[in-house]
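Examination of the molecular architecture
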Amino acid sequence: MSTLSPARRGSAISGLGHALPHRIVTNAELEAKLDTDDTWIVARTGIAERRILDGEVLLDLAITAASRALRRAELTAAQIDLIVVATMTAPDRCPSLAARLGAALGVSAPAVFDLNAACAGFSHALAVADHAITCGAAGHALVVGADAMSDVLDWSDRTTAILMADGAGAVVVSATDRPGIAPVVWGSDPALADLITISAPDHRFRQQGPSVFRWAITRAQHVARAALERAGTTAADLVGFVPHQANLRIITAVADQLGIPHERTAREVAVLGNASAATIPLALSRLVERGEIAAGPVLLLGFGGGFSYSGQVVQLRAASAA
Ligand code: UT7
């Protein structure tokens, strides 16, 4: 049982890590199986290749990503008292992926649960961890975004098989006196709840792609602007912009609407595809690791199934990436 700590003024990201499957699936490989081609995929999505699990399982990626984030935070698993995994592809309905992750890492008695807000899940989970820490219910939290979309794809459907991918990203969130995670902007549009589904009878991933696209290039900017306002900052002050990595055309359109230069905007979708709840922590960790995002304010922005959206500004400190 975790001991209540005194309520703190805030929390911040103290470590970042990520993990990818080894297997790279190129557009050429998909061309051989589906009625599609590299030119169409690159022109419409910006995706050249993606990572797909082969021989590993989602838990392996979550363990690696979380272990790297812990190392960067200079913490041991024993110091974690909350684990939240954002996922919609946990292998079991029970126990949660978070429970399996806690057991694998050897954490003694963490609060563990999965959170399903589809591709917007990571920003939701980060907010939940921030709230738990700020109210004194946790001291250090592991927040993981992990999805194995290859498990739920219809591999004969060219409209989705070319897009989706597998991966995991993790952050450690720790109590601080100076808040490093600004208030979240989160919500959903119930009228659009069926735009993206993994439902009966076959429980395969389906989406009304053009409708999602339209939402993203018209509405996502408003979520981003509200998150900037709640953080008391502006797009010009950002050292990085990490939107959900679904389609390069969406990413560049939203960056342009906000006036954020492309070189400060994550464009990892080109080589990683869309790994749902994992895309934001994956991209964030990789950009920090490569030195492309330095210390300072970074805007996170997720959207997807539900139809859910969320975003917040995080204040990154130096040397937090694995
Ligand atoms: O993470 C969850 C959030 N999801 C998203 O953000 C996805 C948002 N949507 C998108 O990214 C885009 O809508 C897609 C990439 C899914 C599709 O691109 P699009 O430019 O909206 O294409 P479309 O669906 O309007 O299809 C245009 C044409 C169609 O053919 P016709 O009807 O014009 O003859 C499609 O059948 O392209 C065809 N098409 C393909 N052709 C070759 C669809 N998929 C493919 C394909 N290869 N893989």
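The paragraphs below set out a description of the structure included in this document. Everything numeric here is computed off the predicted structure, so don't read it as measured data.

1. Here we look at the overall build of the chain
If you tally the helices and strands in the chain, you get 11 helices and 13 strands. In terms of C-alpha radius of gyration, the chain reaches 18 Å, essentially the compact-globule figure of 20 Å for 322 residues. By principal-axis analysis of the C-alpha atoms, the chain measures approximately 60 × 40 × 40 Å. Out of the 322 residues in the chain, the part that is buried amounts to 57%. Residue pairs in contact within the chain that sit at least 24 positions apart in sequence constitute 76% of those at least 6 positions apart. For the chain, the exposed area adds up to about 12,800 Å²; of that, 52% sits on carbon and sulfur atoms. With 26 positive and 30 negative side-chain charges, the chain shows a separation of 4 Å between the mean positions of the two kinds.

2. Examining the environment of Trp215
Residue position: Trp215 is located in helix 7 (residues 209–218). A residue is classified by how much of its surface remains accessible, and Trp215, at 8% relative accessible area, is buried. The spacing of Trp215 and Phe307 is 92 residues in sequence and 9.9 Å in space, taken between C-alpha atoms. Once residues lying within four places of it in the same chain are set aside, the contact partners of Trp215 are Leu192, Ala220, Val223, Phe303, Phe307 and Tyr309.

3. Remarks on the environment of Gly232
Note on placement: Gly232 falls in the loop between helix 8 (220–231) and strand 11 (240–243). Each C-alpha atom, one on Gly232 and one on Ala182, is 8.7 Å from the other, the two residues being 50 residues apart in sequence.

4. A few points about the site of the ligand
Contacts to the ligand come from 23 residues, most closely from Thr36, Arg44, His244, Asn247 and Asn274. In this structure, a nitrogen atom belonging to the ligand sits 3.0 Å away from a main-chain N or O atom of Gly209. With respect to the ligand, the side chain of Asn247 contributes an N or O atom lying 2.7 Å from an oxygen atom. Looking at the shell around the ligand, the elements that each hand over two or more residues are helix 2 (38–45), helix 6 (158–161), helix 7 and helix 9 (248–258). Residue contributions to the shell around the ligand peak at 4 residues, all from helix 7. Classifying every residue of the shell around the ligand by side-chain character gives 11 nonpolar, 8 polar and 4 charged.

5. A closer look at the packing of helix 8 against helix 9
Packing of helix 8 against helix 9 leaves a shortest axis separation of 10 Å and a crossing angle of 50°. One finds that helix 8 runs oblique with respect to helix 9. For the pair helix 8 and helix 9, the crossing hand works out as right-handed. Here helix 8 contributes Ala220, Gln221, Ala224 and Arg225 to the contact with helix 9, which in turn contributes Val254, Gln257 and Leu258.

6. Observations concerning the pairing of strand 6 (residues 140–148)
Burial analysis of strand 6 places 8 of its 9 residues in the buried class, the great majority of the element. Where strand 4 (residues 82–86) and strand 6 come together, 5 bridges link them in parallel fashion. Note on strand 6: the bridge partner recorded for Ala86 is Gly145. One ladder, built from 9 bridges, connects strand 6 with strand 7 (residues 166–176); its direction is antiparallel. The residue bridging Ala148 from the neighbouring strand is Asp166, located in strand 7.

7. Focus: the pattern of salt bridges
Taken as a whole and judged by the stated rule, the model has 11 salt bridges. Its salt-bridge partner being Arg23, residue Glu29 comes within 2.6 Å of it at the nearest N-O pair. Classification of Glu29 as partly exposed rests on a relative accessible area of 23%. With a relative accessible area of 29%, Arg23 lands in the partly exposed category. Connected through salt bridges with shared partners, the residues Arg23, Glu29, Lys33 and Asp54 form a single ionic network.

8. Remarks on the side chain of Asn274
Tracing the sequence through the fold places Asn274 in the loop between helix 10 (269–272) and helix 11 (279–289). With a relative accessible area of 6%, Asn274 lands in the buried category. Among the polar contacts made by the side chain of Asn274, one reaches the main-chain amide nitrogen of Ser276 at a distance of 2.8 Å. Each residue touching Asn274, except ones within four places of it in the same chain, is listed here: Cys119, Met149, Leu163, Met164, Ala165, His244, Gln245, Ala246 and Thr279.

9. Digging into helix 9
Among the residues making up helix 9, those that are buried are Leu248, Ile250, Ile251, Thr252, Val254, Ala255 and Leu258. Elements that come into contact with the buried residues of helix 9 comprise helix 2, helix 7, helix 8, strand 11, helix 10 and strand 12 (296–304). Residue Asn247 occupies the N-cap position of helix 9, its side-chain oxygen lying 2.8 Å from the main-chain nitrogen of Arg249. Following helix 9 by one or two positions, Gly259 adopts a phi angle in the positive range, close to 75°.

Definitions and limits used
Residues numbered from 1 in each chain as written. Predicted model: local features only at pLDDT ≥ 70, side-chain atom pairs only at ≥ 80, totals over all residues. Heavy atoms only, no water. Helix = DSSP H or I, 4+ residues; strand = E, 2+ residues; numbered from the N terminus. Rg over C-alpha atoms; globule rule 2.2 N^0.38 Å. Buried < 20%, exposed > 50% of the residue type's maximum accessible area, 1.4 Å probe, protein only. Contact = heavy atoms within 4.5 Å. Areas by Shrake-Rupley, 256 points an atom, 1.4 Å probe, with all protein chains shown as cover. Lys, Arg positive; Asp, Glu negative; His and termini not counted. Charge placed at Lys NZ, Arg CZ, Asp CG, Glu CD. Near = heavy atom within 4 Å. Polar contact = N/O pair within 3.5 Å; in protein donor to acceptor, adjacent residues only side chain to side chain. Nonpolar A, V, L, I, M, F, W, Y, C, P; charged D, E, K, R; others polar. Axes fitted to C-alpha atoms, helices over the stretch in contact; angles between N-to-C directions. Parallel < 35°, antiparallel > 145°, perpendicular 65-115°, else oblique. Left-handed = near helix turned anticlockwise from the far one by under 90°. Pairing = 2+ DSSP bridges. Salt bridge = Lys/Arg side-chain N within 4 Å of Asp/Glu carboxyl O.

These figures capture arrangement, not role.
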